[in-house]
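An overview of the molecular structure
Each chain, written out:
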Amino acid sequence: MIKAQNVYKSFNGGRIKVLNGVSLEIARGDFAVILGASGSGKSTLMSVLSGLERADSGTVCFDGMEISGFNDKQLTEFRRKYTGFIFQQYYLLSHLSVENNVRLGADLAGNKDFREIIKAVGLEEKCKRKPSELSGGEQQRVCIARALAKKPQALFLDEPTGALDEQTGRDVLDYIVKLKREQGFTMIMVTHNENIAQMADTVIRINSGRIEEVIKNTSPKTAYEIGW
Amino acid sequence: MVVSIKDSVKLAGISVICFCAVFVCTFFINYCVDAAAVADSVTQEMSALYQGQLATAKFSCALSGGCLSLIAFVMLVFYIKLYIDGHGRQLGILKAMGYKNGEIALKFWVFGFGVLIGSALGCGAGYAAMPMIYSQMTVEGLTIPVKFHFWLPIAMIALPTLVFSALSCGYARFALGRDVGSMLKGEIKKSKALSDKKLSEQNKASKTEKPRAFLLDMGIKTLSSKKMLVFFIAFASFCFSAMVQMGGSMYDLNAAAMGPIILAIGLVLAVTVMMIAMTAVFNSNTKNLAIMKAFGYSARECAVTIFTGYIPFAFIGFGVGTAYQYAILRVMIDLFFKEYSLIFDFDVAIFFITLAAFTVFYAAVMLFYFLKIKQISIKAVMAEN
Ligand SMILES: Nc1ncnc2c1ncn2[C@@H]1O[C@H](COP(=O)(O)OP(=O)(O)O)[C@@H](O)[C@H]1O
Ligand SMILES: [Mg+2]
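The structure displayed is predicted, hence computed values, not measured ones. (Residues numbered from 1 in each chain as written. Chains lettered and ligands numbered in written order. Predicted model: local features only at pLDDT ≥ 70, side-chain atom pairs only at ≥ 80, totals over all residues. Heavy atoms only, no water.)

Observations regarding the environment of arginine 54 of chain A
All names here are of chain A. Threshold: Only DSSP runs of H or I covering at least 4 residues are called helices, and only runs of E covering at least 2 are called strands; the numbering of each starts at the N terminus. Exposure is judged per residue with a 1.4 Å probe applied to protein chains only, and the accessible area is read against the type maximum: over 50% gives exposed, under 20% gives buried, and values in between give partly exposed. Two residues qualify as a contact provided that any one of their heavy atoms is within 4.5 Å of a heavy atom in the partner residue. N or O atoms closer than or at 3.5 Å make up a polar contact, with two conditions inside protein: a donor-capable atom paired with an acceptor-capable one, and, for residues adjacent in sequence, both atoms drawn from side chains.
Here arginine 54 shows up in the loop between α1 (42-49) and β4 (57-62). Assessed through its relative accessible area of 33%, arginine 54 is described here as partly exposed. In this structure, the C-alpha to C-alpha distance between arginine 54 and phenylalanine 70, residues 16 residues apart in sequence, is 8.3 Å. Once residues lying within four places of it in the same chain are set aside, the contact partners of arginine 54 are Lys9, Ser68, Phe70, Asn71, Asp72 and Leu75. A distance of 2.8 Å separates the side chain of arginine 54 from the backbone oxygen of phenylalanine 70, its partner in a polar contact.

Focus on the pairing of β4 of chain A
All names here are of chain A. Note the following rule: DSSP-based pairing: two strands are paired if at least 2 bridges between them are found.
In this structure, strand β1 (residues 2-11) lies alongside β4, joined through 5 bridges in antiparallel fashion. Note on β4: the bridge partner recorded for alanine 4 is valine 60. What sits between the antiparallel neighbours β4 and strand β5 (residues 65-66) is a turn of 2 residues, in which aspartate 63 has the positive phi angle 55 degrees.

Regarding the sheet that holds strand β10 (residues 210-216) of chain A
All names here are of chain A. The condition that has to hold: Lines are fitted to the C-alpha atoms to define the axes, a helix being fitted only along its stretch in contact, and any angle between axes, read from their N-to-C directions, falls within 0 to 180 degrees.
Overall, mixed pairing links the 6 strands, which are arranged β6-β7-β8-β3-β9-β10 in an open sheet. Strands at the two margins of the open sheet, each flanked by one partner only, are β6 (83-87) and β10. Sheet twist, expressed as the average angle between the axes of neighbouring strands with direction ignored, equals 15 degrees. Judged from the 5 bridges that link them, strand β3 (residues 31-35) and strand β8 (residues 186-191) form a sheet pairing that is parallel. Paired with isoleucine 34 across the two strands is valine 190, which belongs to β8. Running over the sheet, helix α2 (residues 72-82) touches β6 and β7 (154-158) and is turned about 85 degrees from β6. Relative to β8, helix α6 (residues 166-183) is tilted by about 160 degrees, and along the sheet it contacts β3, β7 and β8.

Structural notes on unusual backbone geometry
What is expected of a backbone is that most residues other than glycine have negative phi and most peptide bonds are trans. All names here are of chain A. Positive phi, normally seen in glycine, also occurs at asparagine 6, with a value near 50 degrees. With respect to the helices, strands and loops of the structure, asparagine 6 is situated in strand β1. Here the phi dihedral of asparagine 12 falls at roughly 50 degrees; this positive angle occurs in a residue that is not glycine. Turning to its location among the elements, asparagine 12 is positioned in the loop between β1 and β2 (16-26). For asparagine 12, a relative accessible area of 38% gives the class partly exposed.

Focus on the confidence of the model for chain B
Residue and element names in this part refer to chain B. Inclusion rule: pLDDT runs from 0 to 100 and stands for how confident the predictor is about each residue.
With 81% of its residues at a pLDDT of 70 or more, chain B has an overall mean of 79. Ignoring residues within four places in sequence, the model shows residues 190-212, a span with pLDDT below 50, making 9 contacts including any to other chains. Predicted complex, confidence summary: ipTM 0.84, pTM 0.74.

Laid out in structure tokens, this is it:
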């Protein structure tokens, strides 16, 4: 579903080289983890794969579309149709209620059943609250609902549990995996946590902007089985 | 959805300016129209006074309406820019989700709301003040009846609201045209001037830096990263200088009725713009200030660091305002009072009075923000995102 070939990406006019010839392939319905130390280029790789940023060279294909050649307008259209995002920082709109934050996602897909998804992340009782009146784990669940309400084909997560404690982090991961099983989207998650990587079908290890190894995991663990 | 009505209420400054502009224009335009309607019954000996009153009305209208709309426009753009910079991450996530720039920009129509409120109140106040103005601007032997013209409130309220809403959307569309990645990372749009070369120089400098230089360094960085704010402090000073001196000069020009009005508008305006500018300086530095306080810097040191750099620019603004008001009065007098050979000279006394008042005013504003810095709660600031 996602295929990157020889992708390069640098910042500050080529001085900071972040991705140095990355090639990878992620199958439809896969749960892929991009694993690497802080600063290894994980977030940048995710941005390029998801159409948030363009690569300097190389190609990125999504479902046969060569998104690396898209202009801004086409990329917007692409993200709108195909992708969902969850970040370590929640980026919720602080003046909107939980419900309306989720609607921001739902409206893009014309999804009228957004209450279902709020229910699925266990927040129906708190749907009138503002993000500031929620705990960190609850806020991240709003983000899950917001991303999934838009019915993405691929869900991109950048350290989704990075700001959460162990128990809350496990709960959040469990929600995500459960919803993935129900809805069957492809999942690409960035993390520096080796243990979380054990939950994935595919682990892509990145170091200094290069793919070090790709491991297929035959028996992924659940959020409650992994160490932390 | 993206921008709440609350955000537009914060634009009280623009409401105030619109209030002033619409207030003045409402009664003067009404006066001009009513006076024009009775032009036939103006006799030879009334003519001079009649023309004079009409000229005064047009003059005041053009002056306040034109100046104030321009100021309101600049403030609106300024505010939207600050809003987009301050909400970069939230707007970035919308872009990441696939909202188009145009779709997001359309939500900025809400900023026209402050204009609506200001204009509506201004129009109402204009009608309320109308009898008083008509009784001031009489022409002996001629009755100018107060008539209601239905198009006037529409033009005075709907027009500015629509124009400013459209402007808000248009400018927002322009300002949103940045790449998503940098917005999500919370980068404020960098000007080309802050190039890589400068950055590396700064890095080099910071390595050899003495600890004492930290405050100075931060002060300079604050200034150079917020050029827009520098401009606005200067602009606020400009308004103060121009409007207050203009109000004073009105007495010399025998347009005494207009003197207090322009003076009052000038003061309100200067205070509003200055407050907005200073609040922006303060808000965009709260995090830095909180960290400085956490490190143990005193509120005084913080205030000096953040605000001192703006002082020269404030006085430059004041100087430009002085020149501007002199020039515009000249032009306006030539335009509207050609036949009267009015004598108009630069008023040194008014200049110094205004300068003194401005210095006191600026010091008071600094004091106010010094007290605010004292109250910054480090924990509350750090807890936000
Ligand atoms: N917009 C940017 N401008 C300059 N450098 C950047 C930018 N984004 C990322 N980098 C640099 O690229 C490297 C990799 O960043 P990132 O992909 O965020 O790493 P990770 O997510 O693995 O921690 C880092 O050294 C970072 O400083
Ligand atoms: Mg990262």
